[in-house]
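Overview (structure and organization)
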Amino acid sequence: MSHLTDVTTAPERQRNTVRMCAEQLGITVIAEAADLGVSARGTSPFERPSLSSWLRRPDEYDAIVWAHVDRAVRSVGDMRELVAWAKGKARTLVFGNPDDDCPLVVRPQANDAAIRRCMELAQVAEQEAHTLPARLTSSHAALRMIGRYGGGLVPFGYRKSPHPSGAGWCLTPDPDTVAIVREIVDDVRSGLSLVAVAGRLNDADVPVPRDRHALL
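Residues numbered from 1 in each chain as written. Predicted model: local features only at pLDDT ≥ 70, side-chain atom pairs only at ≥ 80, totals over all residues. Heavy atoms only, no water.

1. What about the packing of aromatic side chains?
Evaluation of the coordinates by the stated rule reveals 3 aromatic pairs. Their ring planes at 70 degrees and their centres at 6.5 Å tell us that F46 and W85 sit as a pair that is edge-to-face. Residue F46 is found in the loop between α1 (10-25) and α2 (49-55), and its partner W85 is found in helix α4 (residues 76-89); the two are separated by 39 residues along the sequence. Overall, W85 belongs to the buried group, its relative accessible area being 10%. Plain terms: the ring middles of W66 and F95 are 5.3 Å apart, the flat faces sit at 15 degrees to each other, and that makes the pair stacked. One end of the pair, W66, is in strand β1 (residues 63-66); the other, F95, is in strand β2 (residues 92-95), with 29 residues separating them in the sequence. The pair formed by W66 and F95 is uniform in burial state, with each residue classed as buried. Its guanidinium or amino end placed over the ring of W54, R57 lies 4.0 Å from that ring's centre, counting from NZ or CZ. (Phe/Tyr/Trp six-rings, centres within 6.5 Å; stacked < 30°, edge-to-face > 60°. Helix = DSSP H or I, 4+ residues; strand = E, 2+ residues; numbered from the N terminus. Buried < 20%, exposed > 50% of the residue type's maximum accessible area, 1.4 Å probe, protein only. Lys NZ or Arg CZ within 6 Å of the ring centre and 35° of its normal.)

2. A few points about empty space enclosed by the protein
If you walk through the whole model with that rule in mind, you get 2 cavities of 30 Å³ or more. If you add up the space inside the largest cavity, you get close to 50 Å³. For the largest cavity, the full set of lining residues is V154, P155, F156, G157, Y158, D174, T177, P209, R212, H213 and L216. Of the residues belonging to the lining of the largest cavity, the class tally is 6 nonpolar, 3 polar and 2 charged. As a volume, the second largest cavity reaches approximately 30 Å³. In terms of lining residues, the second largest cavity is bounded by H68, V69, F95, G96, N97, L104 and L121. (1 Å grid on protein atoms, 1.4 Å probe; cavity = no way out; pocket = protein on both sides within 12 Å on 5 of 7 lines; lining within 4 Å. Points joined across faces, edges and corners; volume = space filled by probe spheres on them. Nonpolar A, V, L, I, M, F, W, Y, C, P; charged D, E, K, R; others polar.)

3. Structural notes on the pattern of salt bridges
Enumeration over the complete set of coordinates arrives at 10 salt bridges. With a closest N to O distance of 3.8 Å, R91 and D59 form a salt bridge. Taken together, the residues span a long stretch of sequence, with R91 in the loop between α4 and β2 and D59 in the loop between α2 and β1 at a distance of 32 residues. For R91, a relative accessible area of 13% puts it in the buried group. Of the charged contacts in the structure, one is a salt bridge between R117 and E120, with a shortest N-O distance of 3.5 Å. A residue pair is termed a helical-turn pair when its members lie 3 or 4 positions apart in one helix, as R117 and E120 do in helix α5 (residues 112-145) at 3 residues. We classify R117 as partly exposed; its relative accessible area is 35%. The class of E120 is partly exposed, set by a relative accessible area of 38%. Among the charged side chains, a salt-bridge network with shared partners connects E12, R15, R19 and E32. (Salt bridge = Lys/Arg side-chain N within 4 Å of Asp/Glu carboxyl O.)

4. Side note on the state of the cysteines
Applying the stated criterion to the full structure yields 0 disulfides. Residue C21 stays outside any disulfide, its sulfur separated by 9.6 Å from that of C102, the closest cysteine. (Disulfide = S-S within 2.5 Å.)

5. What about the sheet that holds β1?
Strand order in the open sheet made by the 3 strands is β1-β2-β3, with mixed pairing throughout. Here the strands that pair on one side only, and so sit at the sheet edges, are β1 and β3 (104-106). Shown here is a sheet whose adjacent strand axes are inclined to one another by a mean of 15 degrees, direction ignored. Of the strand pairs in this sheet, β2 and β3 are connected by 3 bridges, and their pairing is antiparallel. Note on β3: the bridge partner recorded for L93 is V106. Against the sheet, α1 makes contact with β1, β2 and β3, and its axis sits at roughly 135 degrees relative to β1, the strand it touches most. In this fold α4 packs onto β1 and β2, with an angle of close to 135 degrees to the strand it touches most, β2. (Pairing = 2+ DSSP bridges. Axes fitted to C-alpha atoms, helices over the stretch in contact; angles between N-to-C directions. Contact = heavy atoms within 4.5 Å.)

Written out as structure tokens, the structure is:
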């Protein structure tokens, strides 16, 4: 799971999918590799802390089950490496398939059709990984045009509030920190260095923006 928050439900949903796939195939789940907060887009299966430790000791299990192909890899190259590893170690790869009632199973002796399907799904995942940032940037720009908050770290001095239209959220001044922002601006305008400003804030135990965001 690439982005982990206190309200994330994806890990549990993925666990449920893995359990259902395992039950369908008569597989007994013996352990879980959960690399929460690690994106498959920039990290291959062999570089993820929890998963890589299991890939280094394949003699302890017969198969690995993922909730979906994009939870395993986000590139054709990573899928090619993973399939080659599975063939070399005589291990089975299983991927949940939301478009089908049956999971995609790639056994060590898998035919070309199964491997080709893996590569096709990996290519789709790779394309999505490239287009998602652009879609998010465009979406956030459109939200800003109408005064809507699109998510992410709230700028220091503001807080999230219901949008006046009744749809979504907007940003409004945070009464607990807006005065601090004004003080910072006044200090900088008076010629105080940024280091001195930061020291004053530290001495006053003012939380950094990310900590304030967490508190809110």
